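What the coordinates show
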Amino acid sequence: MDTATIKGSIAQFMGNEARFRMVEQQDPERFRGLLVKAEREVKNRFQVYENLAKLTLGRAGIPTAPATPPSPPIPPAAGKA
């Protein structure tokens, strides 16, 4: 992988973008919900990329067992859609 960890936060990035600040001003509750979903999605996607980077192929393209088991995805928050 090109990077060791996730740098910065989604909230910090969104705070620097006018398009996200407009959503926050118009509907703060919806913005917070979308922010939580975005943070969860970024963490899950990063885990997928980490697991893909650890994958090795054996002979004839048959995957070998990874050295460490993959991390499970982060479940959605209860009651949140």
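Check the entry above for the structure.
For every chain, the first residue of the written sequence is number 1, and numbering continues from 1 along that sequence. Local features are withheld for residues below a pLDDT of 70 in this predicted model, meaning they are given only at 70 or higher, and side-chain atom pairs are given and counted only at 80 or more; totals for whole chains, interfaces and linings count all residues. Side-chain descriptors were evaluated using all non-hydrogen atoms of the structure, hydrogens and water having been removed beforehand.

1. What about the overall build of the protein chain?
Put simply, DSSP H or I for four residues or longer makes a helix, DSSP E for two residues or longer makes a strand, and each gets a number counted from the N terminus. A count of helical and extended segments in the protein chain gives 3 helices and 0 strands. The classification of residues rests on relative accessible area computed with a 1.4 Å probe and restricted to protein chains. Under 20% of the type maximum is buried, over 50% is exposed, and intermediate values are partly exposed. Of all 81 residues assigned to the protein chain, the portion counted as buried reaches 9%. Expressed as a percentage of contacts within the protein chain between residues at least 6 apart in sequence, the contacts between residues at least 24 apart total 61%. Entry remark: accessible area of the protein chain is about 6700 Å², with carbon and sulfur atoms responsible for 59%. It only takes one pair of heavy atoms within 4.5 Å for two residues to be counted as in contact. Every accessible area reported is derived by Shrake-Rupley at a probe size of 1.4 Å, with residue values counting cover from the shown protein chains alone.

2. Points about helix 3 (residues 28–54)
Each helix should span, by expectation, one fewer than its residue count multiplied by 1.5 Å. For helix 3, built from 27 residues, the straight-helix expectation of 39 Å at 1.5 Å per residue is met to within 8% by its first-to-last C-alpha distance of 39 Å. For helix 3, the full list of buried residues reads Phe 31, Leu 35, Arg 40, Asn 44, Phe 46 and Gln 47. Here the buried face of helix 3 lies against helix 1 (10–15) and helix 2 (18–26).

3. Here's the deal with the pattern of salt bridges
Pairs may arise between side chains of opposite charge once their charged atoms sit close together. Whenever a carboxyl oxygen of Asp or Glu lies within 4 Å of a side-chain nitrogen of Lys or Arg, that contact is scored as a salt bridge. One pass over the structure, following the stated rule, counts 2 salt bridges. Between Glu 17 and Arg 19 there is a salt bridge; the shortest N-O distance is 3.4 Å. Judged by relative accessible area, Glu 17 falls into the partly exposed class, the value being 25%. The exposed category is assigned to Arg 19, whose relative accessible area is 51%. Glu 41 serves as the salt-bridge partner of Arg 45, at 3.4 Å between the closest nitrogen and oxygen. You can see Arg 45 and its partner Glu 41 sitting in helix 3, 4 residues apart, about one turn around the helix. Its relative accessible area of 45% is what places Arg 45 among the partly exposed residues. Accessibility expressed as a relative area gives 39% for Glu 41, which makes it partly exposed.

4. Some remarks on a nonpolar patch on the surface
Residues with no salt bridge and a relative accessible area higher than 30% make up the patches, which join like charges within 9 Å and nonpolar side chains (Val, Leu, Ile, Met, Phe, Trp, Tyr) within 5 Å. On the surface, a cluster of nonpolar side chains totalling about 510 Å² of accessible area is made up of Val 48, Tyr 49, Leu 52, Leu 55 and Leu 57. Exposure remark for Val 48: the relative accessible area of 45% places this residue in the partly exposed category.

5. Considerations on the side chain of Arg 40
Looking at the element boundaries, Arg 40 is found in helix 3. Salt bridges are absent for the buried Arg 40, whose nearest opposite-charge side chain, Glu 41, sits at 6.6 Å. Residue contacts for Arg 40: discarding those within four places in its chain leaves Ile 74, Pro 75, Pro 76 and Ala 77. Here Asp and Glu are counted as negative and Lys and Arg as positive; His is not counted, and neither are the chain ends.

6. Topic: the environment of Phe 31
If you trace the backbone, Phe 31 turns up in helix 3. Classification of Phe 31 by relative accessible area gives buried; the value is 9%. Each C-alpha atom, one on Phe 31 and one on Arg 21, is 8.9 Å from the other, the two residues being 10 residues apart in sequence. Leave out the neighbours within four places in its chain, and Phe 31 touches Met 14, Phe 20, Val 23 and Glu 24.

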